[in-house]
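Chain by chain, the residues run as shown.
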Amino acid sequence: MKFPLRLIRAAGLALAVCALALPGAPAAHAAGPDEPLGRAEVMDRSWSWIAEQVPYSWTGCHQNQFGCYRPDCSGFVSMAWHLGTSLTTWDLWNVTRGIPADDLQPGDALLKDSDGTDHVALFLRWADGAHTRPVVREEYDFGQVAEERVWNDGLRGFAPRRYDRLDDLMPYGTIGAKYAALGGPGGVLGQPVRGERDSSAGGRFQQFEGGIVLWHPDVAYAVRGDILTRFWATDAERRWGFPTMDEADASRAPDGTRGRYQFFERGLFLWSAATGTHVVHDAIYDAFHSGGHEAVLGYPTGEEVAEPGGVAQQFQNATIHWNPTRGTWITH
């Protein structure tokens, strides 16, 4: 339906890449018309009209790989949700339910048909920490094309709505592909327990019974078990960055200890049943690496601790020291 009150363009707005699933990301699932679908599939579908710069119109339909839908605001949302037909703004109330504004997630809708305004837009994210400026995807007026932009003047009476068949738990895109590669519901991660959400450092994550899959453009890795417990306990990706690999077998220590390891952007997490999980990073990691890793020095038995003039970290067979004057050295 037409939105007669034209929104003011957000000055300098750049099209943002959707973190849920980049255009062209591998699809772990694709819904049929009117079937449950995940948020990332909604984002993939909606991005297609933005990429194609589909012009606004009340008549006809726009045909692409996602079907043929009327190219106005409600047709755009109908296409993104893979409805069986292009609904109107009035009809969309019947297939959605109200949610609090603070619960808005990518793929939800902002809907209004009062005070001379008949319009709907897809919510993408908040442009500000105070949650006053939504970023939306929409077809919004004649002479314009589908686009992603910021509403700088807030919700303005638009109602936050959630599509009744939107499956918040459905893995999709790059996260879904990683989940499937690890065995899906029957694999090490088990069933999803939380929908895909923003991470604290610019990526996305989804939580499962046995761990999480953490995404950062455009790769995703699983973090689980004791390594995940330690990762969460030490400020997660805000401190250590994103994983750069899945967990793998570590080397055998001189005393026979065997464990697991996982690299993150700013640290190495090492686990064994005998020593627990500890992080090796920065200059001490460099010395650990050149000294032969766990195969020579053994597994870390604790975290870095302060000592006069610097820091030290204890391993099964050695202690690595560092200070700004001497650099690193190893004592056995």
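A. Representation of the side chain of Arg-204 in the model. Residue position: Arg-204 is located in strand β10 (residues 204–208). In this structure Arg-204 comes out as buried when scored by relative accessible area, which is 1%. Of note is the side chain of Arg-204, whose polar atom sits 2.5 Å from the side chain of Asp-198.

B. Molecular detail of the state of the cysteines. Counting across every chain of the model gives one disulfide. Paired through a disulfide, Cys-61 and Cys-68 show a sulfur-sulfur distance of 1.6 Å. For the disulfide bridge between Cys-61 and Cys-68, the dihedral angle about the S-S bond is near 55°, and by the sign convention the bridge is right-handed. Using a relative accessible area of 44% as the deciding quantity, one classes Cys-61 as partly exposed. We classify Cys-68 as partly exposed; its relative accessible area is 34%. Note on Cys-73: no disulfide assigned, nearest cysteine sulfur contributed by Cys-61 at a separation of 16 Å.

C. Structural view of the packing of aromatic side chains. Under the counting rule described, the total for this entry stands at 14 aromatic pairs. Geometrically, the ring pair formed by Trp-81 and Tyr-163 is stacked, given 4.9 Å between the ring centres and 5° between the ring planes. Of the two residues, Trp-81 is situated in the loop between α2 (73–80) and α3 (89–92) and Tyr-163 in strand β8 (residues 159–163); the sequence distance between them amounts to 82 residues. In this structure Trp-81 comes out as buried when scored by relative accessible area, which is 0%. Tyr-163 sits in the buried class, given a relative accessible area of 2%. A centroid spacing of 4.7 Å and a plane angle of 25° characterise the contact between Phe-231 and Phe-264, whose relative ring orientation is stacked. One end of the pair, Phe-231, is in helix α5 (residues 225–233); the other, Phe-264, is in strand β14 (residues 259–264), with 33 residues separating them in the sequence. Residues Phe-231 and Phe-264 agree in their burial class; the two are buried. Grouping aromatic residues by their ring pairs yields a cluster made of Phe-231, Trp-240, Phe-264 and Phe-269.

D. A look at the layout of surface pockets. Taken as a whole, the largest pocket spans an internal volume of roughly 220 Å³. Lining the largest pocket we find 15 residues, and of these Leu-104, Gln-105, Trp-126, His-131 and Asp-198 sit closest to its centre. Going through the elements one at a time, β5 (117–126) and β9 (197–198) are the ones with two or more residues in the lining of the largest pocket. Residue composition of the lining of the largest pocket, by class: five nonpolar, three polar and seven charged.

E. Summary view of the sheet that holds strand β18 (residues 310–314). Spatially, the four strands line up as an open sheet ordered β17-β18-β19-β20, and their pairing is antiparallel. Only two strands of the sheet have a single partner each, and these edge strands are β17 (305–307) and β20 (327–331). Between one strand and the next, the sheet's axes are offset by a mean angle of 30°, whatever the strand orientation. Note that β17 and β18 share three bridges and pair antiparallel.

F. How the structure looks around the sheet that holds β14. Taken in spatial order, the four strands line up as β13-β14-β15-β16 in an open sheet, and their pairing is antiparallel. Two strands lie at the open edges of the sheet, namely β13 (248–249) and β16 (276–280), each paired on one side alone. Here α5 sits on the sheet and contacts β14, β15 (267–272) and β16; the angle it forms with β15, its principal contact strand, is near 135°.

G. Looking closely at unusual backbone geometry. Cis geometry marks the peptide bond from Pro-217 to Asp-218; its omega dihedral reads -20°. Relative to the helices and strands, Asp-218 resides in the loop between β11 (211–216) and β12 (219–224). One non-glycine residue with positive phi stands out, namely Asp-235, at about 75°. Residue Asp-235 is classed as partly exposed on the basis of its relative accessible area of 36%.

H. Looking closely at the pattern of salt bridges. This structure, assessed with the given rule, holds 18 salt bridges. Ionic pairing is found between Asp-246 and Lys-178, a salt bridge with its closest N-O pair at 2.6 Å. You can see Asp-246 sitting in the loop between α6 (236–240) and β13 and its partner Lys-178 sitting in helix α4 (residues 173–181), a full 68 residues away along the chain. Its salt-bridge partner being Arg-204, residue Glu-196 comes within 3.5 Å of it at the nearest N-O pair. The structure contains a network of salt bridges with shared partners spanning Arg-39, Asp-103, Asp-108, Arg-162, Asp-168 and Arg-197.

Conventions used here
Residues numbered from 1 in each chain as written. Predicted model: local features only at pLDDT ≥ 70, side-chain atom pairs only at ≥ 80, totals over all residues. Heavy atoms only, no water. Helix = DSSP H or I, 4+ residues; strand = E, 2+ residues; numbered from the N terminus. Buried < 20%, exposed > 50% of the residue type's maximum accessible area, 1.4 Å probe, protein only. Polar contact = N/O pair within 3.5 Å; in protein donor to acceptor, adjacent residues only side chain to side chain. Disulfide = S-S within 2.5 Å. Phe/Tyr/Trp six-rings, centres within 6.5 Å; stacked < 30°, edge-to-face > 60°. 1 Å grid on protein atoms, 1.4 Å probe; cavity = no way out; pocket = protein on both sides within 12 Å on 5 of 7 lines; lining within 4 Å. Points joined across faces, edges and corners; volume = space filled by probe spheres on them. Nonpolar A, V, L, I, M, F, W, Y, C, P; charged D, E, K, R; others polar. Pairing = 2+ DSSP bridges. Axes fitted to C-alpha atoms, helices over the stretch in contact; angles between N-to-C directions. Contact = heavy atoms within 4.5 Å. Salt bridge = Lys/Arg side-chain N within 4 Å of Asp/Glu carboxyl O.

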